[in-house]
Every structure is written in structure tokens, then in C-alpha cells.
Amino acid sequence: MPDGFYEMLRRCRAGEPVALATVVATWHSAPQPPGAAMLLAADGTVTGSVSGGCVEADLYERARHVLGTGVPELTRYGVSDDDAYTVGLTCGGVLDVFVERVDPGRLAELEAVDAARRAGQPAAVVTCVAADAGDPPGAVPADPLRRLGRRLVLTGERITGSLGDDRLDDAATADALGLLAAGRNGLLRYGYHGQRRGAGLSLFVTTYATPPRMIVFGAIDFAAAVARIGAFLGYRVTVCDARPVFATARRFPEADEVVAQWPHRYLRTELDAGRVDGRTVVCVLTHDPKFDVPLLALALRHRLAYVGAMGSRRTHDERHKLLSEAGLSAAQLARLASPIGLDLGGRTPEETAVSVAAQIVAARWGGSGRPLTALAGPIHQPG
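Here is a short report on the structure shown in this document. Small disclaimer: the values here were computed from a predicted structure and weren't measured.

### Observations concerning the overall build of the chain
Piece 1. When helices and strands are tallied, the chain shows 11 helices and 16 strands.
Piece 2. When the 383 residues of the chain are sorted by exposure, 45% land in the buried category.
Piece 3. In the chain, once contacts between residues fewer than 6 apart in sequence are set aside, the share between residues at least 24 apart is 59%.
Piece 4. Accessible surface, the chain as shown: approximately 18500 Å² in total, 52% of it carbon and sulfur.

Here's what the structure looks like:
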């Protein structure tokens, strides 16, 4: 929730409480993934969405109530396709939404998360969203509901807050760090003393990972359009070209950085420094074998999220031959998206960028790239 987080931080800095509604679990064709959030300020201003409009009217009223009482609530929306209209979730999915009041007293936690993000470090917030009497008699606190809303905040090596039990804190910290490493939000279940079983407490982990990277090689007009749409999708965008006259910040205002360096040497440096990971997407738009082949040979030997290369089918065939001669295996070559993009029939740089972005999104979520009218089953796949 990037926009909502900074609005929440701004409001708390001004001494204003807000109500935060977060999707903590989903089933079936839910419109938003866990972690989607809506923020309600005391003046009625709403930031963000949990369902794209399906349940926001009801949730708005619940958030107003929680803002007034300070008592958190966990609400489930949606039951089936047949009666989803009666409960407001028209897609037929199911959402669990946790609503809590965030007071200015949490400002230190929010500032710590903000500082970590600005320093390029991941952070996580672990919040207790449900409590039941699933532990044996005597093991449950006298008032389990007092655990609701308690949290741990993980920023770098620092851990602040508590969920009410040292062993629970240790177990939740270990699992939250695993989710943080994967860049995923998630729901965890424990006993009241950290036992790993499906009863007792439900903890939701909100991760604030560093943005994934998009590296665009080739400082051409198509690269400017791809950089723009990459930034729109939330990537930290780098444009790299060996020719300094073309690799300028003025030509690529949407890029976070523009680098004048030989492409394969730059990628090698980033790999060695650990600044490229399994979320990184690489778009090769250079059309020149002396740049393309060493760069793609390096990229395809690593498990990146996406590697695509622009060019005609003739260029692709020649490139494929040269990469085979360079020793790449059939499995490695199969990971190359070439010619780059989905078949949308576009011609302009902007239309081509949409095609590339669509293929990247499909690769990330396992989409087929086919029209939804030609498919059956849920629109939103789990994952």
C-alpha cells in the first residue's frame, strides 16, 4: 500500500488518527491480493481500495466505527457467485478484512518503516488480526481479544514491539523474515506461545520490500516508453547503453537511473553486488549482436523473473544460433522471450511497451495472455 502508507504517515505526523482496513486473506476469485488496503481519515478522506469498489461502501461505515471506538474488527465479505451481489462482492471471491485504528502513538513505528524503505532496506509489520481459544485450558490469556492489534515491526536488524509472548515473538519474527525475503505478504497461525499449529492467533505480515528492478538495455525511443510503463508498474527502472550520447537522463525522465556502460559489464557488476534478484526483469532492445549476445548469455544463466529481447524473427533466429554456440542449454534458451512482447498488433513505442508490460505481468502471475472471453474459471489466479 505505497500511497496509503505515506498518507497514514502524514496524518500521524499531524497528530490525526486514521482507520486502516487491510485484506489479510482471500479465496476464489478475490479482486485484490492480501495486503491491499484502504485508509479512512477523520475528515472522511479515503485512500486506496480493497476490492475495486465492491465492498467499500460497507467497509467505509465499519472503518468509521472502528475510528470512533478504537476496537479492531475482522470482517469477511463474499460467499459465492450466486449470492455475492447480496453481500457486495460481485466477483464471487471471499475477502477477510482487518480494520484497526492507527493512532499518532504509532508514529515511531511508521517512521522506522519509512526510514528503512528510504534506505533501500526491507521492512515488515506483523499484526495480530484474530484470537481464539484454540490452546489447551490454562494456556490462553484471560482476555485473548487483548492480543488483537498487537504488533512487531522488523526493520533491518531492529525489532520493536511485542505480540505478548517472547516465544511467539521469536516464532513470528523467523517466519516474517522468510516472507520478507520472498517479498510476500501472508497470514500466519500460532498458539499463544508460538506453537506452529492452526489455532490460537492469526498474524498478518505486511512486507515493505525494496521495489523490483527493471533494466532496459538500449537507449532508443522504445526504451523510453518501456521505462515509463515499468515505473507505472512499480519497478525501479534503469536504462543502460554503451553510447553516452544516447544514455542521458534528459531522454529518460521516467527512469530512476541512466547508465552509460557496456550492457553485459553492467549486468555482471549488478549481479556480483547482489542488486539483481529473482524479481528482476531485463528488456534488451539494442538490436546489435555485439551487445545482445554477451548480455543475454549472462542474463539467461541466472534465474531472473523475465528476460526479453526485441528484434525480427530473422534477428531472433540468428541470435538463438549465436547463443547456442555460446553454450546455453535448451532450457536456458526457452526462458528467452523473443521476439519480445505479446501479439497486440501495436506499432508505436507506447503500444509496444504495453505489449512488453503485458507479457511481464503474465509471466509474473502465470497468465496465458489469451482474451478472458475465451477462458473459463476464476479471473484472478491464486499466488
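From this point, the narrative continues.
### A word on the pattern of salt bridges
Piece 1. Summed over the entire model, instances satisfying the criterion amount to 27 salt bridges.
Piece 2. Close ionic contact of R10 with E7 constitutes a salt bridge, the shortest N to O distance being 3.0 Å. With R10 and E7 both in helix α1 (residues 2–13) and 3 residues apart, this pair spans about one turn of that helix.
Piece 3. For R10, a relative accessible area of 45% gives the class partly exposed.
Piece 4. On the basis of relative accessible area, E7 is assigned to the buried category, the value being 16%.
Piece 5. The shortest N-O distance in the salt bridge between D114 and R118 comes to 3.0 Å. One end of the pair, D114, and the other, R118, are both in helix α4 (residues 107–118), 4 residues apart, so they sit about a helical turn from each other.
Piece 6. Owing to a relative accessible area of 5%, D114 belongs among the buried residues under this scheme.
Piece 7. Linked through salt bridges whose partners overlap, the residues forming this network are E7, R10, R11, E16 and D43.

### Observations concerning the packing of aromatic side chains
Describing an aromatic ring pair means giving the distance of the ring centres and the angle of the ring planes.
Piece 1. Under the criterion given, the structure shown has 4 aromatic pairs.
Piece 2. Measuring from centroid to centroid gives 6.5 Å for F217 and Y266, while their planes differ by 65°, and the two rings are edge-to-face. Here F217 is found in strand β11 (residues 213–217), whereas its partner Y266 is found in helix α7 (residues 263–272), with 49 residues between them in sequence. The pair F217 / Y266 is uniform in exposure class, with both members buried.
Piece 3. One aromatic cluster is present, formed by F5, Y6 and Y208 through successive ring pairs.
Piece 4. Directly above the ring of F5 sits R117, whose terminal nitrogen or CZ lies 5.1 Å from the centroid.

### Overview of the sheet that holds strand β7 (residues 151–155)
What links the strands of a sheet is backbone hydrogen bonding, and the strands pair in either a parallel or an antiparallel sense.
Piece 1. An order of β8-β7-β6-β10-β9 is seen for the 5 strands of this open sheet, with the pairing classed as antiparallel. Two strands close off the open sheet at either side, each with one partner strand: β8 (158–162) and β9 (186–190). Here the average twist between neighbouring strands, direction ignored, is 20°.
Piece 2. In this fold helix α5 (residues 166–182) packs onto β6 (123–131), β7, β8, β9 and β10 (201–208), with an angle of close to 155° to the strand it touches most, β9.

### Let's talk about the sheet that holds strand β16 (residues 336–337)
Piece 1. As summarised here, the arrangement of the 6 strands in space is β13-β12-β11-β14-β15-β16, forming an open sheet in which the pairing is parallel. Where the open sheet ends on each side, the last strands, each with one partner, are β13 (257–260) and β16.
Piece 2. Sheet topology note: the β11/strand β14 (residues 281–284) ladder contains 4 bridges and is parallel. Its bridge partner being in β14, M214 is matched across the sheet by V281.

### Examining the nonpolar core
Piece 1. M214, V216, C283, L285, Y306 and I360 are the most contacted members of the largest nonpolar core, which totals 25 residues.
Piece 2. For this core, the secondary-structure elements that each account for two or more residues are β11, α6 (221–232), β12 (236–241), β14 and α11 (349–365).
Piece 3. In terms of residue count, α6 provides more of this core than any other element does, 6 residues in total.
Piece 4. Setting aside residues up to four positions removed in sequence, V216 forms contacts with A223, V226, V237, T238, V239, C240, C283 and L285.

### With respect to α5
Three- or four-residue spacings in an α-helix give side chains the same orientation, since the helix completes a turn every 3.6 residues.
Piece 1. In this model, α5 (17 residues) spans 25 Å end to end at C-alpha, consistent with the 24 Å of a helix rising 1.5 Å per residue.
Piece 2. Within the sequence span of α5, burial applies to L168, D169, A171, A172, T173, A176, L179 and L180.
Piece 3. If you follow the buried residues of α5, they end up packed against β6, β7, β8, β9 and β10.
Piece 4. Capping the start of α5 is the job of one residue whose side-chain oxygen sits 3.0 Å from the backbone nitrogen of R167: D165.
Piece 5. The positive-phi residue at the C-terminal boundary of α5 is G183, with phi of around 70°.

### Focus on the pairing of β14
Piece 1. Residues of β14 alternate between two faces, with V281 and C283 on one and V282 and V284 on the opposite face, all of them buried.
Piece 2. As judged from the 4 bridges shared by β14 and strand β15 (residues 306–309), these two strands associate in the parallel manner. For V281, the partnering residue across the bridge sits in β15 and is Y306.
Piece 3. The parallel pair β14 and β15 is bridged by helix α8 (residues 289–299), and the resulting crossover is right-handed.

### Brief notes about unusual backbone geometry
Piece 1. Looking along the chain, the bond that leaves S338 and enters P339 is cis, with omega of -5°.
Piece 2. With respect to the secondary-structure elements, P339 resides in the loop between β16 and α11.
Piece 3. The residue H287 is not glycine, and still its phi comes out positive at about 60°.
Piece 4. Within the fold, H287 resides in the loop between β14 and α8.
Piece 5. Overall, the relative accessible area of 41% leaves H287 in the partly exposed class.

Calculation notes
- Residues numbered from 1 in each chain as written.
- Predicted model: local features only at pLDDT ≥ 70, side-chain atom pairs only at ≥ 80, totals over all residues.
- Heavy atoms only, no water.
- Helix = DSSP H or I, 4+ residues; strand = E, 2+ residues; numbered from the N terminus.
- Buried < 20%, exposed > 50% of the residue type's maximum accessible area, 1.4 Å probe, protein only.
- Contact = heavy atoms within 4.5 Å.
- Areas by Shrake-Rupley, 256 points an atom, 1.4 Å probe, with all protein chains shown as cover.
- Salt bridge = Lys/Arg side-chain N within 4 Å of Asp/Glu carboxyl O.
- Phe/Tyr/Trp six-rings, centres within 6.5 Å; stacked < 30°, edge-to-face > 60°.
- Lys NZ or Arg CZ within 6 Å of the ring centre and 35° of its normal.
- Pairing = 2+ DSSP bridges.
- Axes fitted to C-alpha atoms, helices over the stretch in contact; angles between N-to-C directions.
- Core = buried A, V, L, I, M, F, W, Y, C linked by side-chain atoms within 4.5 Å.
- Expected span 1.5 Å × (residues − 1).
- Polar contact = N/O pair within 3.5 Å; in protein donor to acceptor, adjacent residues only side chain to side chain.
- Right-handed = clockwise from strand over helix to strand, strands pointing away.

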